[in-house]
Amino acid sequence: MYGRHASQLLKEIDSSEAGQLAPFNSDVFDQVIRECNEHNSQFQSLIRKMVEQNLDIETTRNEDHYGAAIHHLSLLRNKRCLMAYMYNRAEVIQSFRWKVGPVLPHDIQEKLHFSEKEYFKNHSAAIKSYISKMDIDLTVDMVPPKDPYIQVRVLEDIGEVSLGDHSVSLTKNSLHFLRRTDAEQFISQGLMEEFLE
């Protein structure tokens, strides 16, 4: 039945948790594209048939006209569903840049289509370019800080890291008092967490 695959994509978006992505559904997406091509082919065939019969396409109301209208409307519906699916995924992918930084974790990358990976890469490059031109880092302090320094606990061995005017050894389970701007990138990557007493 026409439209079932497209609605399946929308149900997938609706059932997924906010801000999370299900793996890109290539099979269903490709089926909807094939269905769109079939609708377009049928639409063109019916219009061609009407032209060959010297019927006015705009005023004639016969079975070919209504058939063409059904195929055209089905094509538009599928197109809207595909666009909604991609738009929703693009919004979540954009949010990942702010949440996890310019490098996506492997488990998220596995859920993306190759074009989405390219989109994320280009989006990150645009943000990086803007940040460098404006000379301000937009990726830190997504929430205004109460204190410029925070206490953090290292979750994984990071090693020796240079932070501004000094270097520090960030070993697993060690506690440090760092500038929020220095710690933010490690927190967003899940390498450390803010330590609240």
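The chain appears in an unreviewed UniProt entry as GINS subunit domain-containing protein from Digitaria exilis. The chain has a UniProt comment under Sequence similarities (unreviewed entry) that states "Belongs to the GINS1/PSF1 family." UniProt annotates the chain under Subcellular location (unreviewed entry) with the comment "Nucleus".

Asks: How should helix α6 (residues 180–188) be read in this particular structure?
Replies: Every α-helix winds through 3.6 residues per turn, so residues three or four apart in the chain are directed the same way. Turning to α6, its buried residues number three or more, namely Arg180, Asp182, Ala183, Glu184 and Phe186. On the buried face of α6, the contacting elements are β1 (149–154), β2 (159–163), β3 (166–170), β4 (175–179) and β5 (192–194). After α6 finishes, the residue Gly190 shows a positive phi value of roughly 80°.

Asks: Just to check I follow, could you spell out the domain arrangement of the chain for this structure?
Replies: How large an interface is tends to be reported as the accessible area lost when its parts come together. When cut into domains, the chain gives domain 1 (4–134) and domain 2 (149–194). Taking only C-alpha atoms, the centre of domain 1 and the centre of domain 2 are 41 Å apart.

Asks: Quick question: what am I supposed to make of unusual backbone geometry here?
Replies: Residues other than glycine predominantly adopt negative phi, and peptide bonds predominantly adopt the trans conformation. The phi torsion at Asn54 lies on the positive side, around 55°, for a residue other than glycine. Assignment of secondary structure puts Asn54 in the loop between α2 (26–52) and α3 (63–100). A relative accessible area of 71% means that Asn54 is categorised as exposed. For Asn173, which is not glycine, the phi torsion reads 70° and is therefore positive. Structurally, Asn173 can be placed in the loop between β3 and β4. A relative accessible area of 47% places Asn173 in the partly exposed class.

Here is what the cut-offs are and how they apply
- Residues numbered from 1 in each chain as written.
- Predicted model: local features only at pLDDT ≥ 70, side-chain atom pairs only at ≥ 80, totals over all residues.
- Heavy atoms only, no water.
- UniProt positions renumbered as here; feature names shortened; annotations may be inferred.
- Buried < 20%, exposed > 50% of the residue type's maximum accessible area, 1.4 Å probe, protein only.
- Helix = DSSP H or I, 4+ residues; strand = E, 2+ residues; numbered from the N terminus.
- Contact = heavy atoms within 4.5 Å.
- Domains from an automatic or database assignment.

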